[in-house]
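Overview (structure and organization)
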Amino acid sequence: MKKKNKKKKEKEFIEGLTRELYSKLTDNERIYFGTRVDNQINWYDNKSLEHQKRFKYMKMIIIISSASIPFLVALKIENFEMKIVIGFLGVAITVLESLINMNKHSENWIEYRSICETLKHEKHMFLYKTGVYRDDTNRFEYFVERIESIISQENINWASLIKNEEENKDGK
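Here is a short report on the structure shown in this document.

Conventions and cut-offs
- Residues numbered from 1 in each chain as written.
- Predicted model: local features only at pLDDT ≥ 70, side-chain atom pairs only at ≥ 80, totals over all residues.
- Heavy atoms only, no water.
- Helix = DSSP H or I, 4+ residues; strand = E, 2+ residues; numbered from the N terminus.
- Buried < 20%, exposed > 50% of the residue type's maximum accessible area, 1.4 Å probe, protein only.
- Contact = heavy atoms within 4.5 Å.
- Areas by Shrake-Rupley, 256 points an atom, 1.4 Å probe, with all protein chains shown as cover.
- Salt bridge = Lys/Arg side-chain N within 4 Å of Asp/Glu carboxyl O.
- Expected span 1.5 Å × (residues − 1).
- Phe/Tyr/Trp six-rings, centres within 6.5 Å; stacked < 30°, edge-to-face > 60°.
- Lys NZ or Arg CZ within 6 Å of the ring centre and 35° of its normal.
- Patch = residues over 30% accessible without salt bridge, like charges linked within 9 Å, V, L, I, M, F, W, Y side chains within 5 Å.
- Core = buried A, V, L, I, M, F, W, Y, C linked by side-chain atoms within 4.5 Å.

Structural notes on the overall build of the chain
The helix and strand tally for the chain stands at 5 helices and 0 strands. What you see in the chain, going N to C, is helices and strands ordered as α-α-α-α-α. Scored against the burial criterion, the 172 residues of the chain give a buried share of 27%. Considering only residue pairs separated by 6 or more positions, the chain has 72% of its internal contacts joining residues 24 or more positions apart. On the chain, roughly 12300 Å² of surface is accessible, and the fraction owed to carbon and sulfur atoms is 58%.

Structure below.
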């Protein structure tokens, strides 16, 4: 309970600090942050969490099913229902592993988390005027270029992956 309260207080503090920093932005900067940066951070954060949950849930079922098969076989119960259960567990393992690989839950979880954290890093460096954003000259333009580059790089990677998958299907 104390950890939740501490995390909640930390989150509220950061949100308050962010609101204060946002108030110092120009209108154009505030619009860009609200309509692009924060939206993309939220999208990548949500997608990362979604893929993480699916990956871990499926892996948990695979681990439990895999561990159950030798146990059930060792019971030496020779009825038809037990054979069905053991067979079903084997099929479930195969299907879940195939779904994980097909949907790339692990890779997407990690990639989306990485992009989300990179966007957050750029956002905080800009808001705190640190690193490459220390100099006020063209600071916002440089920020937009870097943010759009991060987002477009992920889109390019995705398009390239789809193209490669289609070429592999066609046997090229």
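Brief notes about the pattern of salt bridges
The tally for this structure, following the rule as stated, stands at 11 salt bridges. For the salt bridge of E122 with R146, the shortest nitrogen-to-oxygen distance reads 2.6 Å. One end of the pair, E122, is in helix α4 (residues 105-127); the other, R146, is in helix α5 (residues 139-170), and 24 residues separate them in sequence. Relative accessible area serves as the criterion here: at 25%, R146 is assigned to the partly exposed category. Via salt bridges that share partners, D45, R113, E117 and K120 belong to a single interconnected network.

Examining α4
With 23 residues, α4 ought to run about 33 Å at 1.5 Å a step, and its terminal C-alpha atoms sit 32 Å apart, in line with that. Three or more residues of α4 are buried, namely H105, S106, N108, Y112, I115, C116, L119, E122, K123, M125, F126 and L127. Of the residues one or two after α4, K129 is the one with positive phi, at around 55 degrees.

Regarding the packing of aromatic side chains
Inspection of every chain in the model, using the stated rule, returns 14 aromatic pairs. Each ring, one from Y133 and one from Y142, has its centre 6.0 Å from the other, and the planes form 55 degrees; the classification is tilted. The exposure class assigned to Y133 is buried, which follows from its relative accessible area of 0%. The structure contains a cluster of three or more aromatic residues connected by ring pairs, namely Y22, Y32, F33, F126, Y133, F140, Y142 and F143. Stacked on the ring of F126, the Lys or Arg R139 has its end atom at 3.9 Å from the ring centre.

A few points about a nonpolar patch on the surface
A surface patch of nonpolar side chains, about 340 Å² in accessible area, is lined by Y57, M60 and I64. Counting through the fold element by element, M60 comes out in helix α2 (residues 27-74).

A look at the nonpolar core
The biggest cluster of nonpolar side chains holds 21 residues, and the ones touching the most others in it are F33, V37, Y44, L119, F126, F143 and I147. Mapped by element, the contributors of at least two residues to this core are α1 (2-23), α2, α4 and α5. Take this core: its biggest share by element is 7 residues, from α4. Residues within four places of F143 in sequence aside, it is in contact with Y32, F33, V37, E122, K123, F126 and Y133. By size, the runner-up hydrophobic cluster in this structure holds 6 residues, among which are F55, I62, I93 and L96.

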